[in-house]
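Chains, contacts and geometry: an overview
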Amino acid sequence: MNYKVSHLDELEAESIFILREVAAQFENPVLLFSGGKDSILMVYLAYKAFYPARIPFPLLHIDTGHNFPETLEYRDSLVEKFGAKLIVGSVQDAIDQGALTEEKGKNASRNGLQTHVLLESLENGKYDAALGGARRDEEKARAKERFFSHRDDFGQWDPKNQRPELWNLFNGRKHLGEHFRVFPISNWTELDVWQYLAKENVPLPSLYFAHKRNILERDGILLADCDYIEKYDDEKVTEELVRCRTIGDMTCTGVWRSEASTIEEIIQEVATTRMTERGGRADDKRSETSMEDRKKLGYF
């Protein structure tokens with residue numbers, strides 16, 4: 001009997017290989033979990049990679065305090081399902097302790113404050129590798145990453161000084177205090193992710209499917225109305241049918257007008273759109289190099 005290997009099978013095999021390499025090379029890895037589809041995919045791939053054993057990495061969620069409630073509900077149910085260990089780094093706690101100063105004004109966001117909390121959480125946990133769900137098609141700065149992305153002892157990334165990865169050989173050697181970010185789904189596209197989640201019948205947060213929500217439009221981006229966003233006098237809140245393509249801090253995560261209520265309809269929508277999924281992220285529009293600047297400082 002001939003078995004035809006699909007491109008999704010090849011992507012899955014590559015990601016599982018990298019996950020196992022991390023387990024073999026590093027002493028104390030952690031899996032970064034945002035509650036978005038890519039980090040959900042990472043959890044399911046890790047489950048497959050180490051079955052019947054439990055996922056060997058704890059999940060680390062950096063909580064801005066401005067999450068969609070649906071994200072936290074899904075996170076907790078997923079952790080319970082897989083019996084995983086959850087670690088939460090709190091931006092609100094860092095603000096209360098005086099380690100961070102909250103932005104002011106109507107365009108204020110806590111998204112940039114995550115970097116400090118992430119680096120502190122990695123240091124406190126003595127993690128030597130942090131697995132992330134970044135993909136090269138998401139954003140131009142992320143296209144510069146290797147699978148194994150070295151970070152110095154300040155948690156910073158130098159895009160001009162990265163190690164070659166020939167023949168699937170990954171060099172995880174590091175000095176004391178340094179760590180690696182590892183991106184097992186680098187070669188996946190947004191469409192690949194959705195097709196795989198559909199094939200595997202993975203339950204997903206309701207945010208990804210079309211639903212009625214109060215929204216406001218700011219600088220061409222639709223934002224979910226919430227208590228965390230200070231509105232301008234001329235901004236009107238309307239109820240519309242929308243969904244999320246990415247999930248993050250409510251103050252900067254754009255929503256999309258959509259009628260896609262099933263994964264199959266989302267796949268069709270993603271396959272035909274010309275707008276990238278991060279085209280609706282307000283934090284990426286602060287400057288042409290906003291993502292790369294944040295990554296150099298230790299961001300995801």
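A short tour of the structure in this document, coming up. It should be emphasised that the depicted structure is a prediction, and the values quoted were computed from it without experimental measurement.

Side note on the pairing of strand S6 (residues 179–182)
- Across the two faces of S6 the burial is the same, with His179 and Arg181 and Phe180 and Val182 all buried.
- Bridge count for strand S4 (residues 129–131) against S6 is three bridges, and the pairing is parallel. Within the sheet, the bridge partner assigned to leucine 131 lies in S6 and is valine 182.
- Bridge count between strand S5 (residues 148–151) and S6: four bridges; the pairing is antiparallel. Across the sheet, the residue bridging to arginine 151 is histidine 179, located in S6.

Re the packing of aromatic side chains
- According to the stated counting rule, one finds nine aromatic pairs in the structure shown.
- Ring geometry for tyrosine 47 and phenylalanine 82: centres 5.1 Å apart, planes at 55°, overall tilted. In this pair, tyrosine 47 is assigned in helix H2 (residues 37–50) and phenylalanine 82 in helix H3 (residues 69–82), connecting sequence segments 35 residues apart.
- Note on tyrosine 47: relative accessible area 34%, which makes it partly exposed.
- Here phenylalanine 82 falls in the buried class, since its relative accessible area comes to 11%.
- Summarising the aromatic geometry, the rings of phenylalanine 50 and phenylalanine 57 are spaced 5.6 Å apart at their centres and angled 85° between planes, so their arrangement reads as edge-to-face.
- For phenylalanine 57, a relative accessible area of 2% corresponds to the buried category.
- Taken together, the ring pairs connect Tyr44, Tyr47, Tyr51 and Phe82 into an aromatic cluster.
- Above the face of the tyrosine 232 ring, lysine 106 is positioned so that its terminal group lies 5.4 Å from the ring centre.
- Its end group placed over the ring of tryptophan 256, arginine 245 keeps NZ or CZ at 4.7 Å from the ring centre.

About the thresholds
- Residues numbered from 1 in each chain as written.
- Predicted model: local features only at pLDDT ≥ 70, side-chain atom pairs only at ≥ 80, totals over all residues.
- Heavy atoms only, no water.
- Buried < 20%, exposed > 50% of the residue type's maximum accessible area, 1.4 Å probe, protein only.
- Helix = DSSP H or I, 4+ residues; strand = E, 2+ residues; numbered from the N terminus.
- Pairing = 2+ DSSP bridges.
- Phe/Tyr/Trp six-rings, centres within 6.5 Å; stacked < 30°, edge-to-face > 60°.
- Lys NZ or Arg CZ within 6 Å of the ring centre and 35° of its normal.

The values reported here are purely geometric and, on their own, carry no functional implication.
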